[in-house]
There are 2 protein chains.
Amino acid sequence: MADVAQAARKRVVRRQGNRRALLLEAAARQFLHQGYAAASMRDIAADAGMQPGSIYYHFPSKAELLVAVHEEGMRRITEAVAQALEKPGGPWARLEAACVAHLTVLLEGGDFFQAVMREMPAKSDPGRRRVTRMRDRYEEIFADLLDALPLPRGVDRHDLRLMLLGAMNWSYRWYRPGAESPAKIARKFLGFLRNRLDTGT
Amino acid sequence: MADVAQAARKRVVRRQGNRRALLLEAAARQFLHQGYAAASMRDIAADAGMQPGSIYYHFPSKAELLVAVHEEGMRRITEAVAQALEKPGGPWARLEAACVAHLTVLLEGGDFFQAVMREMPAKSDPGRRRVTRMRDRYEEIFADLLDALPLPRGVDRHDLRLMLLGAMNWSYRWYRPGAESPAKIARKFLGFLRNRLDTGT
DNA sequence: TATATCGCCGAACGGACGTTCGGGCGGCGG
DNA sequence: CCGCCGCCCGAACGTCCGTTCGGCGATATA
């Protein structure tokens, strides 16, 4: 029975081990650089070094391809942040670790999460609910981190989260590799919030 | 009966010039809600109540239509911020006025500037240089406002501008009318920066 | 009233799109 | 050594795209 199990696993590995991952990367790259609608299946296929029709062996449609890119992007960043939060520390240190991980994956972690930031499945897409649920659960991590923060009275943690995540998520539009590192940017952004900027004239 | 109404409107519009402005609004709306590539000339024409071929009387191509939407969006927000800065005030008050105007136009000022935030002309587009120059000049306003701020030593005003504008520009993704007003959001965001959040536990 | 111009119509064109499908090749189980 | 099946090819199909163009009614000019 070990033979059967091993053979089955080998078959599965072979099936998923082929060029499906390569194809997903090509799709993420094309979706990121051209946008979902402008990136044609022919572009993606050429990027992955295969024929357009061959894509449909791995994915049933272009829309599902985008959903798969989203799921991979969300999976990566969720894992990176979760791993960064394994280290113990105070509330501010934990938030900083999460922001550093978030920005690092976004800006230097390949095309998947940037593609997630750029393109969203259409409102009518049946796979949209899945990816929005993943996004909501991910952002809940930051909501919890902010809840754990000892903030002055009256600070709206909801809007604070929107500001912090918005500032970070927008960065993929202006970031160019080689200048400031994502970790440094994250720490600077957090510093702007932690320290008082108004010197009181 | 639709013919009669359409004919009447045509006569009225005719007296005001033509339907170019209406067409531009339809283009901004479609570009915003569907994205540039997914919005077809037929969609835009139908939204404006005309035939697809008629667009080409006003604009030479779809790409130029996007450029025109960008220019109108940038014109509107630049004017709104300039007008907000006419009132005298201290550095922080002036920055707050600019942020309030920026967020108000972005979130409640129609589809033009949101379309600008969502879609950019392609890198090969000859009109792209024009719109990027308009964007650069606009963001310079905020750079000047930050330069005028009496900030603590060592604060990176460049990254501070990227954080502030990024947080605001991202807001069109989560903002829904009826809740907090854009002005209130802008003031809260600025408050997070001005006041110290770290209570120093 | 003749005429030129403006603003738009309506139909068409060539091409690119997402997707389908029969077939073929190479490695693995028997 | 044969037959099977995972994986991909190559060519098509119908549809929709951006764009072009001849024409037409209404308006301004004379």
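Note that the structure is predicted; figures quoted are calculated from it, not measured.

J.: Hey, could you go over the domain arrangement of chain A for me, with residue numbers and the actual values?
T.: Residues and elements named next belong to chain A. With domains assigned, chain A is organised as domain 1 (1-59) and domain 2 (66-195). Taken together, the 12 residues of domain 1 in the interface contact nine residues of domain 2. Here domain 1 and domain 2 share an interface that buries about 970 Å² over both sides, 75% of which is from carbon and sulfur atoms. Where domain 1 packs against domain 2, one counts zero salt bridges. Where domain 1 touches domain 2, the interface holds two residue pairs in polar contact (both at pLDDT 80 or more).

J.: Outline the relation of the copies chain B and chain A, listing residues and values.
T.: Expressed as a screw transformation, the operator carrying chain B onto chain A has a rotation angle of 180 degrees and an axial translation of 0.0 Å, and the superposed copies differ by an RMSD of 0.1 Å. Such a combination of rotation and displacement between the chain copies is what one expects of a two-fold axis. Counting the interface residues of chain B, we find that 97% of their copies in chain A are interface residues as well, pointing to one common contact surface.

J.: How would you summarise the packing of aromatic side chains if you had to cite specific residues and measurements?
T.: Here the distance between the centres and the angle between the planes together describe a pair of aromatic rings. With the rule as written, the count across this model stands at seven aromatic pairs over all chains. Their ring planes at 80 degrees and their centres at 6.4 Å tell us that A:Trp170 and B:Trp170 sit as a pair that is edge-to-face. With A:Trp170 in helix 9 (residues 157-170) and B:Trp170 in helix 9 (residues 157-170), this pair bridges two chains. Residue class for B:Trp170 comes out buried when judged on its relative accessible area of 5%. With a centroid separation of 5.7 Å and an interplanar angle of 65 degrees, the aromatic rings of B:Tyr138 and B:Phe142 are classed as edge-to-face. Within this pair, B:Tyr138 and its partner B:Phe142 are both found in helix 8 (residues 128-147), separated by four residues, close to a single helical turn. Like B:Phe142, B:Tyr138 is buried. Between A:Lys62 and the ring centre of A:Tyr36, over which it is positioned, the NZ or CZ distance is 4.6 Å.

J.: Which residues make up the pattern of salt bridges, and what are the values?
T.: Residues and elements named next belong to chain A. Here the structure, examined in full by the defined rule, presents 26 salt bridges over all chains. Across the salt bridge formed by Glu 79 and Arg 75, the nearest N and O atoms sit 3.2 Å from each other. With Glu 79 and Arg 75 both in helix 5 (residues 62-84) and four residues apart, this pair spans about one turn of that helix. On the basis of relative accessible area, Arg 75 is assigned to the partly exposed category, the value being 42%. Here Glu 139 ties to Arg 135 by a salt bridge, and the two come within 3.7 Å at their closest N and O atoms. Placement of both Glu 139 and Arg 135 in helix 8 (residues 128-147) is noted, with a separation of four residues, approximately one turn of the helix. Summarising the burial analysis for this pair, Glu 139 and Arg 135 share the class buried. The structure contains a network of salt bridges with shared partners spanning Glu 72, Arg 75, Arg 76 and Glu 79.

Quick notes on the rules
- Residues numbered from 1 in each chain as written.
- Chains lettered and ligands numbered in written order.
- Predicted model: local features only at pLDDT ≥ 70, side-chain atom pairs only at ≥ 80, totals over all residues.
- Heavy atoms only, no water.
- Domains from an automatic or database assignment.
- Contact = heavy atoms within 4.5 Å.
- Buried area = accessible area lost by both parts, 1.4 Å probe.
- Salt bridge = Lys/Arg side-chain N within 4 Å of Asp/Glu carboxyl O.
- Polar contact = N/O pair within 3.5 Å; in protein donor to acceptor, adjacent residues only side chain to side chain.
- Least-squares fit on C-alpha atoms with pLDDT ≥ 70 in both.
- Phe/Tyr/Trp six-rings, centres within 6.5 Å; stacked < 30°, edge-to-face > 60°.
- Helix = DSSP H or I, 4+ residues; strand = E, 2+ residues; numbered from the N terminus.
- Buried < 20%, exposed > 50% of the residue type's maximum accessible area, 1.4 Å probe, protein only.
- Lys NZ or Arg CZ within 6 Å of the ring centre and 35° of its normal.

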